[in-house]
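Structural description and commentary
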Amino acid sequence: MKELNIMVVGVGGQGTLLTSRIIGKTALKAGFDVKLSEVHGMAQRGGSVVTFVRFGQKVNEPVVEEGSADIIIAFERLEALRYAHFLKKDGALIVNDWRIDPMPVVIGAAQYPSDALDKISEKGAFVDALDALSLAEEAGSSKAVNVVLMGRLAKYLDIPVQHGSSSVLKRMGRKTDRESLEKLILKLRKFKEESSNTLKPLFKSKNDYKKFLLRHDENKVKRRDISTYKGDVFVGIEQDIAG
């Protein structure tokens, strides 16, 4: 088997990190050399989270370069658009056809691209979109979106389904019906879904968001001129919405 490059992208809290680790564990059980790399953005604030999974007979580096990803798993439409340029020409983009508004959209400073998936397709990428949430709920839990997307990934991998299901069961840490899980993964190899859903925004209105800012500003840390400071410094950089 040639070296395979997979990217898992999404928003903080969606389970992207767990997904990448399960994929890595599955490949490891299948006898491949595996390398993982995680890029934690402003995950706790709903920012982008990116993970790389590379496996094959011998893998030297964990990072996937732009234009070299065989498969991208996107937990949300905008994140699919944001990282589509990492996909190689004959690659596949598995995307949960779901919308999560980032903060610039919530406050009205930017618009969510309604044609995100069309923009990706226009660039020549193969888009495999499905309503993972509905399938997860059908399987018994709305929290199983990452399992649904991994099941869809199984369509593109030549790895026995038993390796994937056992890795999921071990990492999820709860009682799960192995037979039902394997049936779901096998079903997702052939399933196509075109419906989409939208998550409720974090704030009902701009006024609601302003009230949040006022509450947030009630407590502030002390400030000083950074040029006079000596010692360790933590710098946080927030990623804005893709153009």
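Calculation rules
What you see as residue numbers is a count from 1 along each chain, following the sequence as written. The model is predicted, so local features are restricted to residues of pLDDT at least 70 and side-chain atom pairs to those at 80 or more, both for listing and for counting; the totals for chains, interfaces and linings are taken over all residues. To get the side-chain values, take all heavy atoms of the structure and skip hydrogens and water. Under the DSSP-based scheme used, a helix requires at least four consecutive residues in state H or I and a strand at least two consecutive residues in state E, with every element numbered from the N terminus. Categorising residues by exposure relies on relative accessible area from a 1.4 Å probe, with only protein chains included: less than 20% of the type maximum marks a residue as buried, more than 50% marks it as exposed, and the intermediate range marks it as partly exposed. Contact criterion: two residues are considered in contact whenever any of their non-hydrogen atoms come within 4.5 Å of each other. All accessible-area figures derive from a Shrake-Rupley calculation using a 1.4 Å probe, and residue coverage is judged against the displayed protein chains alone. Think of the arc as the fan of directions from the helix axis to the C-beta atoms. The definition of a nonpolar core used throughout is a set of buried Ala, Val, Leu, Ile, Met, Phe, Trp, Tyr and Cys residues joined through side-chain atoms within 4.5 Å. Note: pLDDT gives the predictor's confidence per residue, expressed from 0 to 100.

Topic: the overall build of the protein chain
Check the secondary structure of the protein chain and you find nine helices and eight strands. Counting only residues that meet the buried cut, the protein chain has 45% of its 243 residues in that class. Of all intrachain contacts in the protein chain linking residues separated by at least 6 positions in sequence, the fraction that spans at least 24 positions is 64%. Surface accessibility of the protein chain: about 14400 Å² in total, with carbon and sulfur atoms responsible for 50%.

Some words on helix α5 (residues 132-139)
Regarding α5, the residues found buried are A132, L133, L135 and A136. The buried residues of α5 all sit within an arc of 165 degrees when viewed along its axis, so they share a single face. Once α5 finishes, G140 follows within two positions and takes phi at roughly 120 degrees, a positive value.

Looking at the nonpolar core
Residues I6, I23, F55, I73, L149 and L153 are the most contacted members of the largest nonpolar core, which totals 30 residues. Elements with a contribution of two residues or more to this core: β1 (4-11), α1 (16-29), β3 (48-56), β4 (69-74), α5 and α6 (145-153). No other element matches α6, which puts six residues into this core. Within the second largest apolar cluster, 24 residues are counted, among which are I72, L87, L93 and I120.

Digging into the confidence of the model for the protein chain
Here the protein chain shows a mean pLDDT of 77. Residues at 70 or above account for 74%. Per-residue pLDDT, averaged within each element of the protein chain, yields its smallest value for helix α7 (residues 161-172) (48) and its largest for β4 (94).

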